[in-house]
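Fold and contact review
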Amino acid sequence: MRICLLYLPASQSSPLEKTAKAMTEALRGKGHEVDLVSGAKGEIPRFAMAEYVFIVTEPLGFGGKLPPRLGEILGQSSGTTGKRSMAIVVKQGPFRNKTITRLMKAMEGEGMAVNDWAVVANAKEAASAAAGAPIERKR
């Protein structure tokens, strides 16, 4: 299955890229084709070509806000309507549960069908969450 994994770090010194790469390897190990895209570099992901989308981020600041780039990317991307997806937030600060709720609302606001979510502490947990995601539809 073709998957798009978008990660949006809250700062330039963030270890989120390592987490995203661990998730990519876990998904490729299950036989999926993964397109890894960093939202910080100004790339616009091709959601329309993917069958499943992962969006991975971390809280920005103390209040658990989302990186502002997320709204830009979701607004500019085409093919998000009805796209099955998973939201993942890396544990950081006291408001991570508020961050995951905001992320899912942002994704659903663009028409994405969020069928799973996770709050993870490290790259190993993120890879495990990605490997266990309900990517394949049950028949």
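Rules of the game
Residues numbered from 1 in each chain as written. Predicted model: local features only at pLDDT ≥ 70, side-chain atom pairs only at ≥ 80, totals over all residues. Heavy atoms only, no water. Helix = DSSP H or I, 4+ residues; strand = E, 2+ residues; numbered from the N terminus. Buried < 20%, exposed > 50% of the residue type's maximum accessible area, 1.4 Å probe, protein only. Contact = heavy atoms within 4.5 Å. Lys, Arg positive; Asp, Glu negative; His and termini not counted. Charge placed at Lys NZ, Arg CZ, Asp CG, Glu CD. Pairing = 2+ DSSP bridges. Right-handed = clockwise from strand over helix to strand, strands pointing away. Axes fitted to C-alpha atoms, helices over the stretch in contact; angles between N-to-C directions. Left-handed = near helix turned anticlockwise from the far one by under 90°. Salt bridge = Lys/Arg side-chain N within 4 Å of Asp/Glu carboxyl O.

In terms of regular secondary structure, the protein is built from four helices and five strands. Listing the helices and strands of the protein from first to last along the sequence gives β-α-β-β-α-β-α-β-α. Taken along the three principal axes of its C-alpha coordinates, the protein extends 40 × 30 × 25 Å. Per-residue burial for the protein yields a buried fraction of 47% across its 139 residues. Looking at the protein alone, contacts between residues at least 24 apart form 79% of all its contacts between residues at least 6 apart. Averaging the positions of the 20 positive and the 13 negative side-chain charges in the protein gives two centres separated by 4 Å.

Another point: the pairing of strand β2 (residues 33-38). Direction of pairing for strand β1 (residues 2-8) relative to β2: parallel, over a ladder of six bridges. The partner of Ile3 across the bridge, within β2, is Val34. Traced from β1 through helix α1 (residues 16-29) to β2, the parallel crossover comes out right-handed.

It is at 8 Å that the axes of α1 and helix α4 (residues 123-131) come closest, and there the two elements cross at 35°. Of the two elements, α1 crosses α4, and the hand of that crossing is right-handed. Note on element contacts: α4 touches α1 through Ala123, Ala126, Ala127, Ala130 and Ala131, opposite Lys18, Thr19, Ala22, Met23, Ala26 and Leu27.

Our focus in this paragraph is the pattern of salt bridges. Enumeration over the complete set of coordinates arrives at four salt bridges. For Glu33, the salt bridge identified is with Arg2, shortest N-O distance 2.3 Å. Separated by 31 residues along the polypeptide, Glu33 in strand β2 and Arg2 in strand β1 bring together distant segments of the chain. Taking relative accessible area as the criterion, Arg2 reaches 25% and is therefore assigned partly exposed. Notably, a salt bridge pairs Glu17 with Lys21, separated by 3.3 Å at the nearest N-O pair. Residue Glu17 and its partner Lys21 are both found in helix α1; the two are separated by four residues, about one turn of the helix. Overall, Glu17 belongs to the partly exposed group, its relative accessible area being 33%.

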